[in-house]
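Geometric and topological summary
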Amino acid sequence: QVQLVESGGGLVQPGGSLRLSCAASGFTFSAYPITWYRQAPGKERELVASISSAGGTTNYADSVKGRFTISRDNAKNTVYLQMNSLKPEDTAVYYCQAVIKIVEVWGQGTLVTVSS
């Protein structure tokens, strides 16, 4: 069964850090790029960061450049999103996604709340 499971969300104060994880199973993880998206209350889902299959190429939304870092460990079938200098506007449900043979696979999401 193809599956993505996010974890690591929570409540953090502005300026704080969190590391999200996306654990994959049921497919050849190392063959596929992975993308993190987020959806804030009342807003559309937006791309946050993506990473190529081998991890050599990464891309970021302008809103998170310099603060977030995406990485992957293909031996552990896991992608990470290190989030530093968090802002209230980073509050959202964060999802990881893979496109496997034209089928989009999504995790259930993990909630990040940035608030004092």
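You'll find the structure just up there.
Remember, predicted model here, so these are calculated numbers, not experimental data. (Residues numbered from 1 in each chain as written. Predicted model: local features only at pLDDT ≥ 70, side-chain atom pairs only at ≥ 80, totals over all residues. Heavy atoms only, no water.)

All right, on to the side chain of Arg72 then. Counting through the fold element by element, Arg72 comes out in strand β7 (residues 68-73). Although Arg72 lies buried, it forms no salt bridge, and the closest oppositely charged side chain, Asp73, sits 8.3 Å away as judged by the N-O distance. Here Phe29 takes part through its backbone oxygen, which lies 2.9 Å from a polar atom of the side chain of Arg72. Here Ser52 takes part through its backbone oxygen, which lies 2.8 Å from a polar atom of the side chain of Arg72. In this structure Arg72 touches Phe29, Ser30, Tyr32, Pro33, Ile34, Ile51, Ser52, Ser53, Ala54, Gly55, Thr78 and Val79, once residues within four positions along its chain are discounted. (Helix = DSSP H or I, 4+ residues; strand = E, 2+ residues; numbered from the N terminus. Buried < 20%, exposed > 50% of the residue type's maximum accessible area, 1.4 Å probe, protein only. Lys, Arg positive; Asp, Glu negative; His and termini not counted. Salt bridge = Lys/Arg side-chain N within 4 Å of Asp/Glu carboxyl O. Polar contact = N/O pair within 3.5 Å; in protein donor to acceptor, adjacent residues only side chain to side chain. Contact = heavy atoms within 4.5 Å.)

If you walk across this open sheet you meet the four strands as β1-β3-β8-β7, and the pairing is antiparallel. Edge positions in the open sheet fall to β1 (3-7) and β7, since each of these has one partner strand only. With strand direction ignored, the average angle separating the axes of adjacent strands in the sheet is 15 degrees. Here strand β3 (residues 18-25) runs beside strand β8 (residues 78-83); their pairing, made up of six bridges, is antiparallel. Within β8, the residue paired with Ser21 across the bridge is Tyr80. (Pairing = 2+ DSSP bridges. Axes fitted to C-alpha atoms, helices over the stretch in contact; angles between N-to-C directions.)

On to the environment of Ser17. Residue position: Ser17 is located in the loop between β2 (10-12) and β3. Separated by 28 residues in the primary sequence, Ser17 and Arg45 place their C-alpha atoms 22 Å from one another. Ser17 has contacts with Val12, Gln82, Met83, Asn84, Ser85 and Leu86, leaving out every residue within four places of it along the chain. Reaching out from Ser17, the side chain makes a polar contact with the side chain of Asn84 at a distance of 2.9 Å.

Right, let's talk about the state of the cysteines for a bit. This model, assessed by the stated rule, comprises one disulfide. Between the sulfur atoms of Cys22 and its disulfide partner Cys96 the distance amounts to 2.1 Å. Disulfide Cys22-Cys96: the torsion about the S-S bond is 75 degrees, which places it as right-handed. Here the residue Cys22 occupies a position in strand β3, and Cys96 occupies one in strand β9 (residues 92-100), the gap between them amounting to 74 residues. What makes Cys22 buried here is its relative accessible area of 0%. On the accessibility criterion, Cys96 (0% relative accessible area) is buried. (Disulfide = S-S within 2.5 Å.)

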